[in-house]
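Okay, here's what each chain looks like letter by letter:
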Amino acid sequence: MSYSFNELIKIRQAYRSFSDKPIAKDLLYDIIAMAKNAPSACNSQPWRVYITYTQEENVKMRESLQDNGRNVFLDTAKAFIAVYKNEAIKLNLGAESKFSLLHFVEYDIGEFVAYLTLAAKNKGVDSCIIGWVNNEKLNETFSLNGKCDLVIALGYAKDDKVRTKKRKDLKEIIINYKEEEL
């Protein structure tokens with residue numbers, strides 16, 4: 001399955017209900033291999049991922065994402081990709097720079113996640129980005145160390161109907177919008 005880029009960005013959406021079909025580990029690796037091409041400041045690639053795809057591992061992952069009744073829809077997800085920051089990035093951008101590479105990590109991870117969800121959709125796998133993570137429980141459960149700000153839940157959509165997207169008009173997005181120049 002492969003889409004044109006224009007079609008891909010129109011049909012990619014968050015799914016919260018997945019079918020029973022499992023996701024193969026090789027397919028997850030292919031998706032990550034595509035996503036790793038995302039750009040990053042000074043090619044720092046500040047992301048690291050932890051994946052789960054077996055029933056046993058997924059149950060443990062859900063425990064780190066469903067505290068206090070949150071994210072109950074994750075019961076149907078067939079795989080998870082936890083995205084960690086590489087805290088070892090400490091290179092300076094130069095003597096005249098006011099920033100280190102750490103300044104750009106959040107933006108770079110955002111690009112990586114965008115690439116990851118688009119790569120998944122292009123392979124026929126649907127996803128939902130989960131922004132609430134019990135980092136302490138996640139690290140303890142899987143003997144990990146680091147900061148995980150988000151997890152991507154993956155599966156094959158139970159209903160893959162593309163919802164009508166309500167998006168702001170360009171004049172609400174472009175600060176200096178000038179219709180007469182179009």
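Residues numbered from 1 in each chain as written. Predicted model: local features only at pLDDT ≥ 70, side-chain atom pairs only at ≥ 80, totals over all residues. Heavy atoms only, no water.

### Quick look at the packing of aromatic side chains
Enumeration according to the criterion identifies two aromatic pairs in this entry. Where Trp47 meets Phe112, the ring centres are 4.7 Å apart and the plane angle is 10°; that geometry is what we call stacked. You can see Trp47 sitting in strand E1 (residues 47-52) and its partner Phe112 sitting in helix H4 (residues 105-122), a full 65 residues away along the chain. Relative to Phe142, the ring of Tyr50 has its centre 4.9 Å away and its plane inclined at 50°; by these criteria the two rings are tilted. Highlighted residues: Tyr50 in strand E1 and Phe142 in helix H5 (residues 135-142), separated in sequence by 92 residues. Using a relative accessible area of 24% as the deciding quantity, one classes Tyr50 as partly exposed. The residue whose ring lies beneath Arg16 is Phe73, and the NZ or CZ to ring-centre distance is 5.4 Å. Positioned above the aromatic ring of Tyr15, the side-chain terminus of Arg163 is 5.9 Å from the ring centre. (Phe/Tyr/Trp six-rings, centres within 6.5 Å; stacked < 30°, edge-to-face > 60°. Helix = DSSP H or I, 4+ residues; strand = E, 2+ residues; numbered from the N terminus. Buried < 20%, exposed > 50% of the residue type's maximum accessible area, 1.4 Å probe, protein only. Lys NZ or Arg CZ within 6 Å of the ring centre and 35° of its normal.)

### Digging into the side chain of Ser127
Tracing the sequence through the fold places Ser127 in strand E3 (residues 126-130). Separated by 2.9 Å, the side chains of Ser127 and Arg12 make a polar contact. (Polar contact = N/O pair within 3.5 Å; in protein donor to acceptor, adjacent residues only side chain to side chain.)

### Observations regarding the pairing of E3
Within E3, four of the five residues are buried, which leaves it mostly tucked inside the rest of the structure. Where E3 and strand E4 (residues 148-155) come together, five bridges link them in antiparallel fashion. Directly across from Ile129, in E4, lies its bridge partner Ile152. (Pairing = 2+ DSSP bridges.)

### What to know about the sheet that holds E4
Taken in spatial order, the four strands of this open sheet run E1-E2-E4-E3, and their pairing is antiparallel. Edge strands, defined here as strands with exactly one partner in the open sheet, are E1 and E3. Strand-to-strand, the axes of this sheet are offset by a mean angle of 20°, without reference to chain direction. Sitting on the sheet, H5 touches E1, strand E2 (79-85) and E4, and the angle it makes with E2 is about 110°. (Axes fitted to C-alpha atoms, helices over the stretch in contact; angles between N-to-C directions. Contact = heavy atoms within 4.5 Å.)

### A closer look at the environment of Asn86
Within the fold, Asn86 resides in the loop between E2 and H4. Residue classification places Asn86 among the buried positions, given a relative accessible area of 16%. Asn86 sits 23 residues away from Ile109 along the chain, and the two C-alpha atoms are 9.9 Å apart.

### Structural notes on the side chain of Arg62
Along the chain, Arg62 falls in helix H3 (residues 55-63). It turns out Arg62 is buried and unbridged, and the closest side chain with the opposite charge, Asp75, is 4.3 Å from it. A distance of 3.3 Å separates a polar atom in the side chain of Arg62 from the backbone oxygen of Asp75. Discounting chain neighbours no more than four positions away, the residues touching Arg62 are Gln55, Leu74, Asp75, Thr76, Ala77 and Phe80. (Lys, Arg positive; Asp, Glu negative; His and termini not counted. Salt bridge = Lys/Arg side-chain N within 4 Å of Asp/Glu carboxyl O.)

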